[in-house]
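Chain by chain, the residues run as shown.
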Amino acid sequence: MIWPGKAMCALNLGFDLDGETIWRNKARRLAGGDRFIKGPSIGAYGPKRGAARILEILREFDFKATWFIPAVMVEEHSGIIEDILADGHEISHHGYDHTGRYGDSLQEQQEYIGRCQEIFVKYTGRPAYGMRPTGALLPETERWLYGEGGFLYSSAGTSGEGRGFYEVNGERTKGIHIPCRDEQMDDYVQTVFHSYPAVLEGMPRIAAYDVVYSNWIREVEGMARNGSCGSSAFHPQIAGTPGRAVMLERFCRYLADSREVWCATCVEIADYYRRALEEEKDE
Amino acid sequence: MSNRRIWPEGKTCALMISVNLDAEFYGRIFYPGIDVNEGDILRLGRSGMEYGLPRLLKTLDHYQVKATFFIPGEVAVGYPEAVKEIAWRGHEIGCHGDCHELLGCLEKEAQREALCKGRDKLEALTGKPVTGFRMPEGEINEETLEVVKELGFSYSSSLSDDDIPYFHEKTGLLELPIHWELFDLPYFTFAFDPPIPPGQARSASMDQVLKNWEYEWQGTKRWGTLMNLQLDPQTIGEQGRIFMLERLLEQIQADESAWIATGEEIAQQMGQGDL
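Since the structure is predicted, the reported quantities are computational estimates derived from the model, not experimental observations.

Asker: Please explain the overall build of chain B as it appears in this structure.
Answerer: A count of helices and strands for chain B gives 11 helices and nine strands. For 275 residues, the compact-globule formula gives about 19 Å, and the C-alpha radius of gyration of chain B, at 18 Å, lands near that figure. Dimensions along the principal axes, computed over C-alpha positions, put chain B at roughly 50 × 45 × 35 Å. Within the span of chain B, comprising 275 residues, buried residues form 61% of the whole. Look at the contacts in chain B between residues 6 or more apart in sequence, and 71% of them connect residues 24 or more apart. Accessible surface computed for chain B: about 10200 Å², of which carbon and sulfur atoms make up 49%. Counting 26 positive and 45 negative side-chain charges, chain B places the centres of these two groups 4 Å from one another.

In structure tokens form, the structure reads like this:
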């Protein structure tokens, strides 16, 4: 697969603007947790400060990113959503409140996803084109999503290396698969920390930024060898803090200088990939 | 620049060196409410006070910087001479609860009692007013900040939703934000029984943690923010690790762009509307 500009791979800078959701969800399980403010303040950094700093960096390199945003964060932080859209970025589906509760049947899951789409339409003027789910989707829901549901791509976390059309139990859909490898490309996994509740489980050390950075580079090198596309799960509450923003800026400079990488939004990658696959079929 | 601000003395960013003087109460960061008077926890806590603290104080003097020590009241009871020494050397002393309580799980009145007790023990020992508050690591709620405000503290340094000082919306309380990646203890502390950290991850690389902090310092300069370093003498004051603070302070002082201030000094500036 050759990508635009003769690039060897396509990377989407994906940002999960989870804000307070993940922290509220963790705290809720503890006594008094619905009133905790420390953990949620770590998340609030994303929409309050981190996102704006990331926008500043992306402008510097003229990169367009995809922002996966729980719909409740769109409602609560509409100001930064406007700024993201004003810079020409894509906003994509990331559930309502980052719980795994999508419903137990096709109909319930369709309704849940649809309710989020209504919020997107209300605040951004259009529905999301793609999906990074935060919980388990039924196979029939996925077949619907990337069929008559009209979603153009799947960029789920921990989603393997599948290429081209997204498959559900071996059955091809019309959506494009843009994998996201959290072990490498998720800065939250590498460098988040909190003591109560323990985040991550067992409280592993915050990783060395230099090691995190070189893993990003190795993954992009692997994508180029493989001709594949992929997305990151960078979190503005992590990536937007001063030290890690320096690291993100360095990564953007690497991407801008590389001839091997086409940096694009998920919807651009999906659109290009689909047309390339359809042309192949016609030949 | 999205949030560049003008710091005093023509500086373009700020450094606050804070010390969480938890002694053995550090165990409650990992296990709230645990008995800290036995085993590995007590041994490491004591060793931080016995060896780490003098080394840290000497280093701060050497670089002529003043720090803010947040101290649980019971630590002042257990180590009175050490706490007097800190005050005598001109460092600020702030409240860090009484026994490192999990404040977010207490009723408002119990929270007030813990902070009053903690503060009174510090003030009785040093004879100086305590004006700063840092939450014992764990959780707090809006009532905690109300109590802090009602008790007349001039600032809190507890939350992570910003990287410059700001006034908390509901209480009007000044907040000097902190971030875990700038706290030495979670990178290094280790115990067998109980397991600390709970998953017993191996200690981090000192060189790499210093490198993380250098990234943070670069970011602090680049975006004009407050770098709020959190240290525990158990960690940074250990013989092998003290070089991390030395290297960092040398870089920051050579650069001259940072206003190095205590919490109290930042609060005074904010009160004057200078920031």
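Asker: What exactly am I supposed to notice about the interface of chain B and chain A here?
Answerer: When the parts come together, some accessible area is lost, and that loss is often what is quoted as the size of the interface. Across the boundary between the two partners, chain B contributes 55 residues, which contact 40 residues of chain A. Across the interface of chain B and chain A, roughly 3900 Å² is buried in total on both sides, 56% from carbon and sulfur atoms. It is Trp180(B), Tyr215(B) and Trp223(B) that lose the most area in chain B upon contact with chain A, and together they represent 20% of the buried surface on that side. Where chain B meets chain A, there are 10 salt bridges.

Asker: For this particular structure, what's the right way to read the pattern of salt bridges?
Answerer: Working definition: two side chains of opposite charge can pair if their charged atoms are close together. One pass over the structure, following the stated rule, counts 36 salt bridges over all chains. Note that Arg35(A) and Glu143(B) form a salt bridge whose closest N and O atoms lie 3.0 Å from each other. Of this pair, Arg35(A) sits in the loop between helix H1 (21-27) and helix H2 (38-61) while Glu143(B) sits in helix H6 (residues 142-150), placing the two residues on different chains. One salt bridge in this structure joins Asp271(A) and Arg275(A), with 3.2 Å as the shortest N-O distance. Note that Asp271(A) and Arg275(A) are positioned in helix H12 (residues 266-282) at a spacing of four residues, about one turn of the helix.

Asker: Looking at this structure, how should I read the packing of aromatic side chains?
Answerer: By convention here, two paired aromatic rings are described through the distance between centres and the angle between planes. Within the structure shown, the criterion is met by 25 aromatic pairs over all chains. Ring plane angle 65 degrees and centroid distance 5.2 Å describe the contact between Tyr146(A) and Tyr166(A), whose orientation is recorded as edge-to-face. Note that Tyr146(A) is positioned in the loop between helix H6 (139-145) and strand S6 (153-154) and Tyr166(A) in strand S7 (residues 165-168), a separation of 20 residues in sequence. As far as burial versus exposure is concerned, Tyr146(A) and Tyr166(A) are alike and both buried. Through a chain of ring-to-ring contacts, three or more aromatic side chains come together here, namely Phe15(A), Trp67(A), Tyr213(A), Trp216(A), Phe234(A), Phe251(A) and Tyr254(A). We note Lys48(A) situated over the ring of Tyr166(B); from NZ or CZ to the ring centre the distance is 3.7 Å. Above the face of the Tyr213(A) ring, Arg250(A) is positioned so that its terminal group lies 3.9 Å from the ring centre.

Asker: Sorry, what's going on with the environment of Val77(B) here?
Answerer: Relative to the helices and strands, Val77(B) resides in helix H3 (residues 73-78). When its relative accessible area of 48% is taken as the criterion, Val77(B) is described as partly exposed.

Asker: Could you clarify how one ought to interpret H6(B) in this entry?
Answerer: One turn of the α-helix equals 3.6 residues, which is why residues spaced by three or four share an orientation. All names here are of chain B. Within the span of H6, buried status applies to Thr144, Leu145, Val147 and Val148. Down the axis of H6, the buried set is contained in an arc of 160 degrees. They therefore lie on one face. In this structure, the buried side of H6 is in contact with helix H5 (108-126), strand S4 (132-133) and strand S5 (155-156). Structurally, the start of H6 carries an N-cap: the backbone nitrogen of Glu143 is 3.1 Å from a side-chain oxygen of Asn141. Where H6 ends, the next residue or the one after it, Gly152, has phi of about 90 degrees, a positive value.

Procedures and definitions
- The numbering scheme is per chain: residues are counted from 1 as the chain's sequence reads.
- Working convention: letters from A go to chains and numbers from 1 go to ligands, in the order in which they are written.
- Given that the model is predicted, a residue must reach a pLDDT of at least 70 before its local features are reported, and side-chain atom pairs must reach 80 or more before they are shown or counted; all residues, however, enter totals for whole chains, interfaces and linings.
- To get the side-chain values, take all heavy atoms of the structure and skip hydrogens and water.
- Put simply, DSSP H or I for four residues or longer makes a helix, DSSP E for two residues or longer makes a strand, and each gets a number counted from the N terminus.
- Throughout, the radius of gyration refers to the C-alpha atoms, and the reference size of a globule is 2.2 Å times the residue count to the power 0.38.
- Type-normalised accessible area, obtained with a 1.4 Å probe on protein chains alone, sets the label of each residue: buried when under 20%, exposed when over 50%, and partly exposed for intermediate values.
- Whether two residues are in contact is decided by their heavy atoms: any pair within 4.5 Å suffices.
- Computed by Shrake-Rupley with a 1.4 Å probe, the accessible areas treat only the displayed protein chains as cover when residues are assessed.
- Under the convention used here, Asp and Glu are negative, Lys and Arg are positive, and both His and the chain ends fall outside the count.
- Lys charges are placed at NZ, Arg charges at CZ, Asp charges at CG and Glu charges at CD.
- Buried area: the accessible surface (1.4 Å probe) lost by two parts on joining, summed over both.
- Salt bridges are defined by distance alone: a side-chain nitrogen of Lys or Arg within 4 Å of a carboxyl oxygen of Asp or Glu.
- Aromatic contacts are taken between Phe, Tyr and Trp rings whose centres are within 6.5 Å, Trp giving its six-membered ring; a plane angle under 30 degrees counts as stacked, one over 60 as edge-to-face, and the others as tilted.
- In this analysis the charged atom, NZ for Lys or CZ for Arg, is taken to sit over a ring once it is within 6 Å of the ring centre and within 35 degrees of the ring normal.
- By arc we mean the arc of the directions from the helix axis to the C-beta atoms, nothing more.
- Polar contacts, as counted here, are pairs of nitrogen or oxygen atoms within 3.5 Å of one another; within protein the pair requires one atom able to donate a hydrogen and one able to accept it, and residues that are adjacent in sequence qualify only if both atoms are side-chain atoms.

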